[in-house]
Structure formats: C-alpha cells, structure tokens
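Reading the structure
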Amino acid sequence: MVREIRDDELDALLELYLYLHEDGIPEKNDHLANTWKQITSDPNHHIIVNEIDGKIVSSCVCVIIPNLTRGIRPYAFVENVVTHADYRKRGYAGECLAYAKKIATENNCYKMMLLTGSKRPETLNFYAGAGYNSTDKTAFVQWL
C-alpha cells in the first residue's frame, strides 16, 4: 500500500534509510525530533512509503517548490528513493514514484526532477522507465 508516512513511523523510515547510503541511525535527540516535526508539518514535504504486510519496504521524498516562473507553477523534487534489499525488483519504488507524480500533478507542477549518484545501468534504466530522462537538463552538485 502506497501512502504518505505517519508521524509515528520515523524509526521505520530511518531503518529503511540504512539501505540508501546511511552508515547508522541518527541519535535520538532534540535536533532529530525538531527536524522530523519540521518535515511532517510542512504541507509541501511529502514522504511517500510503500507498506507490505505492515512493513515499510520502500520510500521516496517529494518536495513541492513554489516558483515564480513557468506561469507561477511549482516544480517537484524527488529525493531519497530507496527499497529494502529483500524487496527490490518488485515495483515498490516505482509505485512510490508514481504516487509522487500524482502529488506533483495535483499541485500543478510543471516538472519533476531527481538526482542519482548511481552510474549502474539498472538504476538509470529504472528511472528512465519511471518517466525521467537525463537528456533535458545537466545537473551540478556542490557538496557542503
């Protein structure tokens, strides 16, 4: 079942993020609690999860960004696309991305963007199959 995350599911999400690029789960402190509250209270910040048999197995983030160009239409940025290793290649992340597209469409976004650090053909083909292309724009990242 694809849906938006509930406030009480932070621990499950952080465990899933271990399959993304995290080395460990952040310390439970005020900074984590405040960040979680900020995310969950922002109507433009959507954490989408795919739940199978009561377990969150896949997720992505979709942020709607207000914009003053393109007819004052917002755009969507997708980040943190991840699936638990035991549940990969079953379409769960694709379902999360489709849900993100639905949110973007409902918010009148003129485009969706995502970045990946992966060079693996299967990852790039996955994103292409989900409707993204790597030919229209050039991405630059500056790590801080």
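Scroll up to find the structure this text is about.
What comes next is a walk through the structure. Since the structure is predicted, the reported quantities are computational estimates derived from the model, not experimental observations. (Residues numbered from 1 in each chain as written. Predicted model: local features only at pLDDT ≥ 70, side-chain atom pairs only at ≥ 80, totals over all residues. Heavy atoms only, no water.)

Describing the overall build of the protein
- Counting its secondary structure elements, the protein contains 4 helices and 5 strands.
- Each helix and strand of the protein, placed in order from N terminus to C terminus, yields the pattern β-α-α-β-β-β-α-β-α.
- Relative to the compact-globule value of 15 Å for 144 residues, the protein shows a C-alpha radius of gyration of 15 Å, a close match.
- With respect to the three principal axes, the spread of C-alpha positions in the protein is 40 × 35 × 35 Å.
- Looking at the protein residue by residue over its 144 residues, the buried ones come to 33%.
- The contacts of the protein with a sequence gap of at least 6 include a subset with a gap of at least 24, amounting to 60%.
- If you sum the accessible surface of the protein, you get close to 9600 Å²; carbon and sulfur atoms cover 51% of it. (Helix = DSSP H or I, 4+ residues; strand = E, 2+ residues; numbered from the N terminus. Rg over C-alpha atoms; globule rule 2.2 N^0.38 Å. Buried < 20%, exposed > 50% of the residue type's maximum accessible area, 1.4 Å probe, protein only. Contact = heavy atoms within 4.5 Å. Areas by Shrake-Rupley, 256 points an atom, 1.4 Å probe, with all protein chains shown as cover.)

Considerations on the sheet that holds strand E1 (residues 2-4)
- Here 5 strands make up an open sheet; going across it, the order is E1-E2-E3-E4-E5 and the pairing mixed. Only two strands of the sheet have a single partner each, and these edge strands are E1 and strand E5 (112-114). Strand after strand, the sheet turns through a mean of 30 degrees between neighbouring axes, direction not considered.
- Bridging between strand E4 (residues 75-83) and E5 involves 3 bridges; their strand directions are parallel. Paired with Phe-77 across the strands is Met-113, a residue of E5.
- In the packing of helix H3 (residues 92-106) onto the sheet, the strands contacted are E1, strand E2 (45-52), strand E3 (55-65), E4 and E5, and the crossing angle to E3 comes to about 30 degrees. (Pairing = 2+ DSSP bridges. Axes fitted to C-alpha atoms, helices over the stretch in contact; angles between N-to-C directions.)

Quick look at helix H2 (residues 30-41)
- When the terminal C-alpha atoms of H2 are compared, their 16 Å separation across 12 residues agrees well with the 16 Å that a helix rising 1.5 Å per residue should span.
- Where H2 begins, the capping side chain belongs to Asn-29, and its oxygen is found 3.1 Å from the backbone nitrogen of His-31. (Expected span 1.5 Å × (residues − 1). Polar contact = N/O pair within 3.5 Å; in protein donor to acceptor, adjacent residues only side chain to side chain.)

Digging into the side chain of Asn-50
- Note on placement: Asn-50 falls in strand E2.
- Reaching out from Asn-50, the side chain makes a polar contact with the backbone oxygen of Tyr-92 at a distance of 3.2 Å.
- Looking at Asn-50, its side chain comes within polar contact range of the side chain of Glu-95, at 2.7 Å.
- Apart from the residues lying within four places of it in its own chain, the contact partners of Asn-50 are Met-1, Val-2, Lys-55, Ile-56, Val-57, Ser-58, Tyr-92, Glu-95 and Cys-96.

Section: the packing of aromatic side chains
- Going through the model one piece at a time under the given rule, you end up with 3 aromatic pairs.
- Pairing Phe-126 with Tyr-127 gives two aromatic rings, centres 5.1 Å apart and planes at 55 degrees, and the pair type is tilted.
- Here Phe-126 falls in the partly exposed class, since its relative accessible area comes to 31%.
- In this structure, Lys-102 packs its charged tip against the face of Tyr-99, placed 5.6 Å from the ring centre. (Phe/Tyr/Trp six-rings, centres within 6.5 Å; stacked < 30°, edge-to-face > 60°. Lys NZ or Arg CZ within 6 Å of the ring centre and 35° of its normal.)

Describing the pairing of E4
- When E3 meets E4, the two strands line up antiparallel, connected through 7 bridges. Following the sheet pairing, Ser-58 is matched in E4 by Thr-83.

Looking at the side chain of His-46
- For His-46, the position within the fold is in strand E2.
- Engagement of the side chain of His-46 in a polar contact is seen with the side chain of Glu-4, the distance being 3.0 Å.
- Among the polar contacts listed, one links the side chain of His-46 to the backbone oxygen of Pro-43, at a separation of 3.2 Å.
- Apart from residues lying up to four places away in sequence, His-46 is in contact with Glu-4, Cys-60, Val-61, Cys-62, Ile-64 and Ile-103.

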